[in-house]
Amino acid sequence: MSTIKVNTFDNEGGAVDFPNKLTVRGNAIERTYTSSSTEPSSPSNGDFWFDTGNDVLKHYINSEFKTISLKASFGWGGTRAVAMGGYASSGISNVMQYWDMSSASNASDFGDLQRSKYQATGLSNASRGIAARGFTGSVKVDEIDYITISTTGNATDFGDAIAASSQNGGNGACDGTTGLFAGGDDVGTYSATIDAITVATTGNATDHGDLTAGRIYCPMANDASRYLAMGGYEASGVNWVNKIEYGSFTAGNAVDFGDLINSAYNAATLSDTTRALKAGGYSGSNTNVIEYVTIQTTGDGTDFGDLSATRQGVGGFSDGTNGHFAGGWSYELQIDAVVIQTTGNATDHGDLAVGYARPACCSGNAS
C-alpha cells in the first residue's frame, strides 16, 4: 500500500469531498450525516445518523447503528407526581396530592393551594411546580401558585398571569426554564394568548405569542425545544377541535402540526423527550382513547391504547419514562399507568387519596 503525505492542500473551487462522507472546507474537515426519524437505507460503515425520533446520534459500525450520544435530559419532570386542586364530590378543592411514579403507590396529602380552584394549569422545571390561574366557582383568578416539589407544604404566591382565566387545561409546557400556558376563558372571551414565565424566578407572566384561535380546555405537551397544544374547545365551528399546534420556547405564534384521532376537549396530555400522549376527553361523549405523536415530526395522532375507563377531566403526569393519567369525571380514584415509548392499554398504578377532576398537573424530583 502506498502512502501519500500532503503538507499543504489548496482548493480554489470550494469544498472537496472525500470517501466516508468527509469534506474539506476552509481550514476544517467536516463529516456529513443524515438527520431523520427513520433509519437511513443502505448505510455504509462510518455513516452517522441523528435519530430525531429519539434525539440521539448513531454511528454505523459492523452492520448496525450504535448510539454514541445520550438521550436529551428530561428537565421538566421527575418521579414525584403532584396533582393540585380540582373538583371533588365535596366541591372545589385546594388539596394537593402526590405519589411515586416509579413504583406502585397511592397518593398522599402534599399541602394546600392558596385557595380552592380547578381548571388551573400545571407545569414544572423538575424542582418547582406551578399551578397557574383557575376557577373558584364564582370568579376566575390570575394568580400563579408555586411549590417546591421535593418538600411537602402549602403553595406560595409566584405572581400573576396576563389575565384572570379558567378552563385552560391541566398541563402547560416547560423546557426546564420557560413555562408556558395557553388559551382560557378570559371573562367570557376565549383567549388565544400564550403566557410565559421563568419558572425559577417569581414574577408576572409575559406574552409569548398566540394560538391560531381562542380556545379553552387546551392542554399542552413538549420536548426540550418544542411545545404542542392538543385539542380543545373553540367558540366557532365544530367547537371541540382535533387540531394540534406547535411552536418553540422562543417567543412566537403557534402553527399547524396535524390532527388528533378524536376531536376532544378536557383531555389529559403528557410527554417524554420525544413523544407526546393525549388521553380521554369529551366530544359528545367521554372517550378512553390514548394517542401519541412524535414531537419533532409533524403529522397526525396514532393510536396508543386505552385508558381503564372512558373519562374527561383527567390529569396527565410523566417522569420521562412512565406516564400516569389520574382522576377525571366522575371523581375517579384510579391512577392509570403507561410506558410512554411502548404502546398498549393503561394498567393500574394505585389510587388518589381523594377522587377529583380537572387538577393542575406536574411532576418533579422527590429529593
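Relevant structure appears above.
All values derive from a computational prediction rather than experimental measurement.

About the cut-offs
- Residues numbered from 1 in each chain as written.
- Predicted model: local features only at pLDDT ≥ 70, side-chain atom pairs only at ≥ 80, totals over all residues.
- Heavy atoms only, no water.
- Pairing = 2+ DSSP bridges.
- Helix = DSSP H or I, 4+ residues; strand = E, 2+ residues; numbered from the N terminus.
- Axes fitted to C-alpha atoms, helices over the stretch in contact; angles between N-to-C directions.
- Salt bridge = Lys/Arg side-chain N within 4 Å of Asp/Glu carboxyl O.
- Buried < 20%, exposed > 50% of the residue type's maximum accessible area, 1.4 Å probe, protein only.
- Phe/Tyr/Trp six-rings, centres within 6.5 Å; stacked < 30°, edge-to-face > 60°.
- Lys NZ or Arg CZ within 6 Å of the ring centre and 35° of its normal.

Student: Got a sec to walk through the sheet that holds strand 32 (residues 342-351)? Specific residues and values, please.
Tutor: Taken together, four strands build an open sheet; the order of strands is 29-30-31-32 and the sheet is antiparallel. In this open sheet, the two strands that pair with only one neighbour each are strand 29 (315-318) and strand 32. The average undirected angle you get between the axes of adjacent strands in this sheet is 25°. Strand direction decides the pairing type here: strand 31 (residues 334-339) and strand 32, joined by five bridges, are antiparallel. From the neighbouring strand, Val339 faces strand 32, where its bridge partner is Thr342.

Student: Can you explain the pairing of strand 7 (residues 64-67)? Please cite residues and give values.
Tutor: Strand direction decides the pairing type here: strand 6 (residues 56-61) and strand 7, joined by four bridges, are antiparallel. Across the sheet, residue Lys58 finds its bridge partner in strand 7, namely Thr67.

Student: Break down the pattern of salt bridges for me, citing the residues and quoting the values.
Tutor: All chains considered together, the criterion is met by 10 salt bridges. Asp185 serves as the salt-bridge partner of Lys140, at 3.1 Å between the closest nitrogen and oxygen. Of this pair, Lys140 sits in strand 13 (residues 140-148) while Asp185 sits in strand 17 (residues 185-186), and the two are 45 residues apart along the sequence. Residue class for Asp185 comes out buried when judged on its relative accessible area of 10%. Linking Lys278 and Glu291 is a salt bridge whose minimum nitrogen-to-oxygen distance equals 3.6 Å.

Student: Tell me about the sheet that holds strand 26 (residues 275-279), and please be specific about residues and values.
Tutor: Each strand in a sheet pairs with its neighbour through backbone hydrogen bonds, running either in the same direction (parallel) or in the opposite one (antiparallel). Within the open sheet, the four strands sit side by side as 25-26-27-28. Their pairing is antiparallel. Of all the strands in the sheet, just strand 25 (268-271) and strand 28 (302-306) have a single pairing partner and so form its edges. Between one strand and the next, the sheet's axes are offset by a mean angle of 25°, whatever the strand orientation. Across four bridges, strand 27 (residues 289-294) lies against strand 28 in antiparallel orientation. Bridging from a neighbouring strand, Ile290 pairs with Gly305 of strand 28.

Student: For the packing of aromatic side chains, give the residues involved together with the corresponding values.
Tutor: Throughout the structure, instances matching the rule amount to 20 aromatic pairs. When the ring of Tyr118 is compared with that of Phe135, the centres are 5.9 Å apart and the planes differ by 55°; the resulting orientation is tilted. Within this pair, whereas Tyr118 is found in the loop between strand 10 (108-112) and strand 11 (121-124), its partner Phe135 is found in strand 12 (residues 128-135), the two being separated by 17 residues in sequence. Grouping residues by exposure puts Tyr118 and Phe135 together as buried. Here the aromatic cluster, defined as three or more aromatic residues joined through ring pairs, consists of Tyr190, Tyr217, Tyr233, Trp240, Tyr265 and Tyr282. Directly above the ring of Tyr146 sits Arg128, whose terminal nitrogen or CZ lies 4.1 Å from the centroid.

Just distances and angles here, no functional claims.
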